Structure formats: structure tokens, C-alpha cells
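Topology and contacts: notes
Listed below are the residues making up each chain.
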Amino acid sequence: MIVGPLFLLGLYFFPLWRIMLGAPQYPDPLGMNIHINGIAGVNEFDIQNIDGLNHYIGMKTLPKPEEMWEFSTFPVIIGVMIGLGVLIGLLGYMKKVNHKWFLGWFILMSVLGILGMYDFNAWMVDYGTNLDPNAIMKLANPDGTPMTYKPPLFGHTKMLNFDVTSLPATGAWLMFVGMMLTLVASWLGWRKSKTERT
Amino acid sequence: MKKSNYIFSSLIAVSLLFMGCQQGSDKSGNGALASSAAEKVYVAPGEQDEFYAFLSGGYSGNLTVYGLPSGRMFKEIPVFSQFPTSGYGYSEETKPMLNTSHGFIPWDDLHHPDISQTNGELDGRWIFVNGNNTPRIARVSLKTFETEEIIEIPNSAGNHSSAFITENTEYVIAGTRFAVPVPQRDMPINEYKGNFKGALSFISVDPESGRLNLKFQVLMPGFNYDLSHPGRGASHGWHFFSTYNTEEANSLMEVNSSQNDKDFIAAINWKKVEEYVNNGGGTKMATNYAHNVYDEHTHTGTSTMKKEVVTVDPTKVPDAFFFLPTPKSPHGCDVDPTGEYIIGAGKLSADLTIHSFTKMLDAIENKKFDGEAYGIPILKYEDVMAGVVKSGGLGPLHTEFDGKGNAYTTFFISSEVVKWEVGSWEVIDRKPTYYSVGHLMIPGGNSRKPFGKYVVAMNKITKDRYLPTGPEMEHSAQIYDISGDKMQLIYDFPTHGEPHYAAGCPAELLASNSQKIYRLDENKHPYAVTDPSEARVERNGNEVHIYMSTIRSHFTPDNIEGIKVGDKVYFHITNHEQDFDVPHGFSIIGQNTSELLIMPGQTKTSLWEPKQVGVWPFYCTDFCSALHQEMQGYVRVSPASSNIELSWSLGED
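Residues numbered from 1 in each chain as written. Chains lettered and ligands numbered in written order. Predicted model: local features only at pLDDT ≥ 70, side-chain atom pairs only at ≥ 80, totals over all residues. Heavy atoms only, no water.

Topic: the overall build of chain A
Filter applied, for reference: Strands are runs of DSSP state E lasting at least two residues, helices are runs of H or I lasting at least four, and both sets are numbered from the N terminus onward. Based on C-alpha atoms, the radius of gyration is set beside the globule rule, defined as 2.2 Å times the residue count to the power 0.38.
Helix and strand counts for chain A come out as five helices and five strands. Listing every helix and strand of chain A by position from the N terminus yields α-β-β-β-α-α-α-β-β-α. Taking 2.2 N^0.38 as the reference for a compact globule, 198 residues should give roughly 16 Å; the C-alpha atoms of chain A span a radius of gyration of 21 Å, well beyond that estimate. Referenced to the eigenvectors of the C-alpha coordinate spread, the extents of chain A come out at roughly 70 × 35 × 30 Å.

Structural data, given as C-alpha cells:
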């Protein structure tokens, strides 16, 4: 239980999510790494170049850390959850709390994760649909509705000439492993408590 | 179960064999031979070539970059000639690159490229080339593929036995083809003999920056120093020059300079001369030559006039200068990868003369001299000669090596490439060229480590090789596969200008180092704008400086008023893109120079002198994006007497 939450430390170093944009004229795709504290280009000038392309279709520029509350709040939340997790783990080690606390941490983290995903998706909806009315290119879907450019939350979409792929990155995988470890810890605790009872 | 597996796999093996046989028998047919040549040169769409080839552009003044084996041209690098495609030699930043002691020279005749070496092997940092007509040496970066430096060579004329580098790129060596009075003076032409000099220049190369410095010039007798190559391995520290016109004739040279049965290969121990100069030897002579350096960060060239050169009298440095008699006006002077053999191609004969470095040292040691010329000892032909290649061809010019013990020599008159074995001097193979081949090139063929897979023959005459294009045609070149015992002609391709020599290297030596953009945050150009908010227009008398930025797809500013007839308007344009292969261009109606092509992160300047009142448009010349056509703007030009204030804007009504 102590080790699991520490995996979340990886989020401070590795991106949570990665969105790649490839096109015929971008044999080396452009990409953005979404970290808990901001968005960075996969290559040095990718953010500038993605913004440059997006201005044709009227998308806002990608937010800087200070432009979104999430980027200052998420690191704190993750920090608190790591602290809480380690504390629960230590207390569990000292047999002060039982496995239900482990499970509780896991559920809380899962809820926060889902909320985070929901928030991330809401931002992408806004980013991809809230377009400048004076955009250079205003494209419509076959049914006549204005075309929008929300990147997928998970997986691949074709957007105009771009293939957009959105997948969890190293940070998310580390978080996943960490959370699974806490789940295993809860299960071990549960089994132990059962054997102790019988 | 297992048994059936065996049966199945043996069936596959049999069918593969059968297919193999079919292919084998096909190859003996005539059509299939052609198809195997096609396979050898075919670089499929999206695939890349195995070698870079840098072909001199001759009288185009520039250097061209090709791929081997495809023969596709990738780039023309402007060196000595103005190049409207990029604005080289037209932009304010690059005009100084073409400055000389004769003023601005928009052209030259570029002959011999040589790639920098470390320990006798290609290192791919720079390529050096010579300007033949107004003697100059240029250094081109193999990171940016741009000309970074040009140094003029004083006391020289017809800078032809150049630009050849020593095996650790210590020196670029540049020899004069035409002997001239040194220093230049008013004197009768027919007093040439004994009075004119042949200056051989040793230009040191800074190992870090590549900066050139004319360290010393040797003032040799007034012969014509035609070609040269450095010693390597055991002969490192020596340099060999072929000569003609040892008769010192000054008129009707085609007859009068062909009378001596033997001319010389001059062998120079430059390490001894360097030591002599380092110890204070030589004479400082007043002179005047330009040294032009381009700075990658200011994106600007500066020209400095140098006023002095150290000259060396060869008779003052003992044991450093010798003449090796070589028959019939030798042209090519090539050194094999081991450094032991010096090949003299007597261009008016059928044979090649091969001198042995070891025998030469021995002859010097034992003072086996056969007289002297202007105080320089002449060695005995028989004592230094290692062998003769009885070629059966006519008019040998140049030799390259494959690193497998073979040499390949071009024959201009009999129009062929002849392969022969170093040591036995036996001819192994010969193949025609189309037509009248000059130089040839094997990647690394002028180094200790050649990559002997292809030879490129560069021809002087094209005739019927391509669809006719009137009296003037590009020259033709041929690629031969030399991986087998026999050469195989696999491709024919046109070249640009008149390629003389070329240099090639494996693609991987350069491809990964090739720069993609210039960093805007490293742009130190004094007129750069690193943010569109800094874009502005400033007037200083009748000089107007426009600090302009570009990004897909607009200029900032794009409306400018307050310019007057008679102004000198400098457009300083910074490309704010930081994306690979997104240049922007700039041109304005009535521009007396050329357009500019500005790479990402770069700043270039065009001078415009409006002569007529009006509202004049400017636009981007490079199709930069879907909105490229809209990348345009206006300059209002008012009468000289008007008092309209300078103003500029973008996106305002």
C-alpha cells in the first residue's frame, strides 16, 4: 500500500496523456504531452506549430499553465493523494487501519480520476467546438452542421488531413500500476482479515 | 503431424529453388540486363539514396548536390554566383560574400570540391571548393549546406590546382594555373620566362570553426600548376602538383607549351615549409585580398580586406621541393589510398606514369638528381617511376580508387573509363563514356577509405544522350556499378553547369546532421524582430528600415505609408516559423535585386529604391500555406516633397 501511491509521483515527471497529429506533410507527426501541470510539445516547437495550424480553423491557442486552474490544482490534489495513500499504508503497516481504508483510497482516487477525465474531455469539447467566428476556414459536415475539431479522449480520429491519436502516456500507466497495487493491497488485507477471522 | 510439416517445408524449398533458377536464366537475356541496371539505380518513392554526391557546377559558379545511385538533384548551393532563387548575392547580408580586391564579382568558375577529412577519412563537416577565374576558396557547411566563408587568393590566376585538403584538414591547398608577375605590375608579356611566378597557397583551417587563414604562399617557377592532391598515410605532409608549360611559353600555348617530352610533378614537403614559416621564415609581402565570412547567427556576411601575405622562396627551404619528371603535359595528379603511388596522367599520351613515394624518398636521400630548375632539384625519372599503365586509351585525365586495390582512370580522347590494378599496372576492364569524360568520382575516392560501389563519370560532351534542347545542353554524366570485376553502366543523368571534379560520401555521414531550421531565439541579426509586436518602420534621412516579420500567412506590417520617391527602403524580413521546410519569400514590384527566400528563424534584407509614385504591392514568393495567395501587402509611395508621416499596420481598417 505504501509503494502504490508513490507511483503517482511519476505524474510530476511524465505526461499523463499524449495526442499525436500526423498528416501527409507531417511525416514526423506533431504531438502534445499533457502533464498534470501543463501542456508541452513532444518536439520543441510542436505547440507553436499546432497553434499555427489551428488558427486556420479558428481554434484557440493551447492553454499555458496559468490559463487553466487545472494545471495548478491537479499537482496539489495528486500530492495530497500520495501523502494520504502513504499515510494509510504506514498506518496499515502498524495495523492501525485495515484494508477498507486501502480500498477507500482506491475508490477516492478512481472518482478523482474519472472527474479529471470528465474535466479533460469538457476542455477538449470547448477547445474543439468553441471556434472563432472569423476563422479563415469554416468547414461544414455533410449534413450542413459546422465542423468541429474535438480530439478524441481515447483512440484515433481523422480530422481533415490529420490523423489524431490520443492515448494515455507514461504518467497514466504509472498511475494505473500504482492504483492496481493499492487494490492488490486491499485484496491481500481482505484475505488476511478473512483467514484471521476463520 | 511432424512428417507433414517436413513435406510442406521441403515443398516450399523446392519451389523457391525453381523460382531462383528462373530468375537466373532471365538475367542472361538482354532485356533482363537492362532491368537489373534499373533495379540498381531505382530508389523507390519515399526511399532515400545511399550516397551524397557534390558535383561542381563549373561556370555556373555553384555546387550541386545529388543522390547516388538515383542521380536525383537535391539542391544547388550558391557559392560564387548570385542566385536569385534564394537571394544569395542579392540580399544585403550576402553581397559581402562576393566581394574581392576587384570589387563585387557576381560569378566564378567552380571546379574541385573536397570534403573535410580526419585521419585521411571523410568527416563530413565541410566541403571546400575553388573559384578558378578570380582566385578564391570557399568553405561550405555540411550542416546548413550554405556557403560560410570565401577567401580570395592573391598573386594567383586561374586557381585550378585547388581546393585540395590535407588528410587532417590542416590546409586547403590552392595552386595557380597561370603564372603571373608577382606582385602584379606593368611589364611586357614576352618577358614572362624567368620573371613570372607560380604561387602555391597554403590556407590553414581552424579545426573547430573551420575558419580559413592564408598562412603562406610558395612562389614557384612560372610553370602552370594544373592539378594537385595531398599525400596520405606515409606521404602525409607532402603535396603533389602536376605542371605543364615548363617551356614557359606565353603565346600559342597549345603548341608552344607542348614541346617538352616531360613536364614535372612538383613534390612539396609542406610540413617542412610550415616549420620554416613557424620559425619566422618567409617574406611578408604587401598585397590586397578579400576575406568574407558568413555568420550563421547574425545571418550576415562581412568582408575584410587583408593587406599582407607571407611568401616563401622555395630555394630557401632545403629538402622541401623536388620535381618528378612526368611525360606529356600531365593533367591529373592523384594519390592512391595508401599514399604510396602518385599517378600522373600525361594528357597528350596513352599512358599513365606512376611514381613511388618510397622510391622518391630514396632518390632524395641518395641525391640522385638530374639537374635542377630554378634551384629546385629534378629527380631522375627512372629512379622515382614505379610503373606505367599501358592503357590502350588516349588522353588520360583523372584517377580515383575503390579501396580494393583498383584504380579507375578517365580518358578524354578515347572517351572511356579504364579500370586497372594498382601494383601490377594491368588493365582489368574498360567501358565507354558518353562522351569525352573529364573527371570521375568514387565516394571517398580521394581519401584513405574509398567507398567503392559506384563511379560517376562526368562528361564534357552530351550530343545525343537526351532529347535535344537546341545548341546548348546540360552536360551528361554516367553512373557505373563497380562492385563486381567488370564495370556496369547503370545510369545516365544530366548535370548542371559544367561539373569538373565531384566529391561523395555515404548518406549517413551527413543526413542526421543536416539542420532543419534556424532557431529564432538564436537570431542575432541586428534588424531581426523576434516578436511581431516589435515590427516597425524607421526613417533615417532617406533611408527607411522596415522591420518585418512573417508567419503563415501574413507579413507584419502589411500596410506601409510615408515612403517617398528617392528613398532607400530596406526590407528586413524575419521568418517566425519554427517548422521544418516552411520558408517564406519576399518580392516587391520594381525590385532591382532578386526575391528573398527566408528560412524559418532567419532574417534577410532586400534593398528597394522606389522610383515612381503609387501604391505598390509586395507578396510571398514561396507557396507557404493554403493562404499563400493572401500573403501580400501594400507600400504607398508618395512624391519626394510630400510630408506624409510614416505609418504601418496589420489588420486595421
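Don't stop here, the text continues.
Thoughts on the domain arrangement of chain B
All names here are of chain B. We apply this condition: Reported domain spans reflect what an automatic or database domain assignment gives. A pairing counts as a salt bridge when a side-chain nitrogen of Lys or Arg comes within 4 Å of a carboxyl oxygen of Asp or Glu. Whenever two N or O atoms come within 3.5 Å, that pair is a polar contact, provided that in protein one can donate a hydrogen and the other can accept it, and provided that, for residues adjacent in sequence, both atoms are side-chain atoms.
Taken as a whole, chain B is organised into domain 1 (51-276 + 289-513) and domain 2 (520-649). Taking only C-alpha atoms, the centre of domain 1 and the centre of domain 2 are 43 Å apart. There are zero salt bridges connecting domain 1 and domain 2. Summed over the shared surface of domain 1 and domain 2, the number is six residue pairs in polar contact (both at pLDDT 80 or more).

A look at the environment of lysine 368 of chain B
All names here are of chain B. Selection rule: Exposure categories follow from relative accessible area, calculated using a 1.4 Å probe and restricted to protein chains: below 20% of the type maximum is buried, above 50% is exposed, and the middle band is partly exposed. Any two residues having at least one pair of non-hydrogen atoms within 4.5 Å are treated as being in contact.
Within the secondary structure layout, lysine 368 lies in the loop between helix H5 (357-365) and strand E23 (369-373). For lysine 368, a relative accessible area of 33% translates into the label partly exposed. Sequence separation between lysine 368 and serine 242 is 126 residues; the distance between their C-alpha atoms is 21 Å. Residues in contact with lysine 368, not counting those within four places in the same chain, are Asp362, Ala363, Ile378, Leu379, Lys380 and Asp383.

Remarks on the pairing of strand E42 (residues 603-608) of chain B
Residues and elements named next belong to chain B. The criterion, for reference: Following DSSP output, two strands are said to pair if at least two bridges run between them.
Most of E42 sits inside the fold, with six of its six residues counted as buried. Neither face of E42 is exposed, since Thr603, Thr605 and Leu607 on one face and Lys604, Ser606 and Trp608 on the opposite face are all buried. One ladder, built from six bridges, connects strand E39 (residues 568-575) with E42; its direction is antiparallel. Bridge assignment links phenylalanine 571 to a residue of E42, and that residue is serine 606.

Quick look at the packing of helix H3 (residues 70-93) of chain A against helix H4 (residues 99-129) of chain A
Residue and element names in this part refer to chain A. Where we set the bar: Inter-axis angles, ranging from 0 to 180 degrees, are taken between N-to-C directions of lines fitted to C-alpha atoms, where helices are fitted over the stretch in contact. Comment on the angle field: the value is read as roughly parallel under 35 degrees, roughly antiparallel over 145, roughly perpendicular from 65 to 115, and oblique elsewhere. Ten residues, namely Ala, Val, Leu, Ile, Met, Phe, Trp, Tyr, Cys and Pro, are considered nonpolar, four, namely Asp, Glu, Lys and Arg, are considered charged, and the remaining ones, Gly among them, are considered polar.
For the pair H3 and H4, the least separation of the axes is 10 Å and the interaxial angle reads 170 degrees. It follows that H3 is roughly antiparallel to H4 by the angle criterion. Residue-level contacts link Glu70, Phe74, Ile77, Ile78, Met81, Leu84, Gly85, Ile88, Gly89 and Gly92 of H3 to Trp101, Phe102, Trp105, Leu108, Met109, Leu112, Gly116 and Asp119 of H4. Partitioning the contact of H3 with H4 into residue classes produces twelve nonpolar, four polar and two charged.

With respect to H3 of chain A
All names here are of chain A. Here is the rule we go by: To estimate the expected span of a helix, count its residues, drop one, and scale the result by 1.5 Å.
Look at H3: 34 Å from first C-alpha to last across 24 residues, which is about the 34 Å you get at 1.5 Å a residue. Residues Glu70, Phe71, Pro75, Ile78, Met81, Ile82, Gly85, Ile88, Gly89 and Gly92 constitute the buried set of H3. Buried residues in H3 make contact with helix H1 (3-6), strand E2 (26-35), strand E3 (38-41) and H4. After H3 finishes, the residue lysine 95 shows a positive phi value of roughly 60 degrees.

Overview of a nonpolar patch on the surface
Using the following cut-off: Put simply, a patch holds well-exposed residues, over 30% relative accessible area, that have no salt bridge, with like charges counted together within 9 Å and Val, Leu, Ile, Met, Phe, Trp or Tyr side chains within 5 Å. Here, Shrake-Rupley sampling with a 1.4 Å probe gives the accessible areas, and only protein chains in the shown set may cover a residue.
Taken together, the side chains of Val3, Trp173, Phe176, Val177, Met180 and Leu181 of chain A make up a nonpolar region of the molecular surface, amounting to roughly 540 Å² of accessible area. Tracing the backbone through its elements, the reader meets valine 3 of chain A in helix H1.

Some thoughts on the sheet that holds strand E26 (residues 396-401) of chain B
All names here are of chain B. On the basis of which strands lie adjacent, the open sheet formed by four strands has the order E26-E27-E28-E29 and antiparallel pairing. For this open sheet the edge positions go to E26 and strand E29 (427-432), each flanked by a neighbour on one side alone. Each neighbouring strand pair of the sheet contributes to a mean axis angle of 20 degrees, computed without reference to strand direction.

Focus on helix H4 (residues 270-278) of chain B
All names here are of chain B. Stated precisely, the cut-off is as follows: Our arc is simply the arc of the directions from the helix axis toward the C-beta atoms.
Among the residues of H4, Trp270, Val273, Glu274 and Val277 are the ones counted as buried. One side of H4 carries all its buried residues, which in axial view fall inside an arc of 100 degrees. The first or second residue beyond H4 is glycine 280, which carries a positive phi of 95 degrees.

Quick word on the side chain of threonine 144 of chain B
By secondary structure assignment, the location of threonine 144 of chain B is in the loop between strand E8 (136-141) and strand E9 (147-152). Look past the residues within four positions of threonine 144 of chain B in its chain and what remains in contact with it is Lys75, Glu296, Gln515 and Tyr518 of chain B.

Description of the side chain of asparagine 54 of chain A
Residue and element names in this part refer to chain A. Positionally, asparagine 54 belongs in helix H2 (residues 46-54). Residue asparagine 54 is classed as buried on the basis of its relative accessible area, which comes to 10%. Those residues in contact with asparagine 54, other than ones at most four positions away along the chain, are Met59 and Tyr127.

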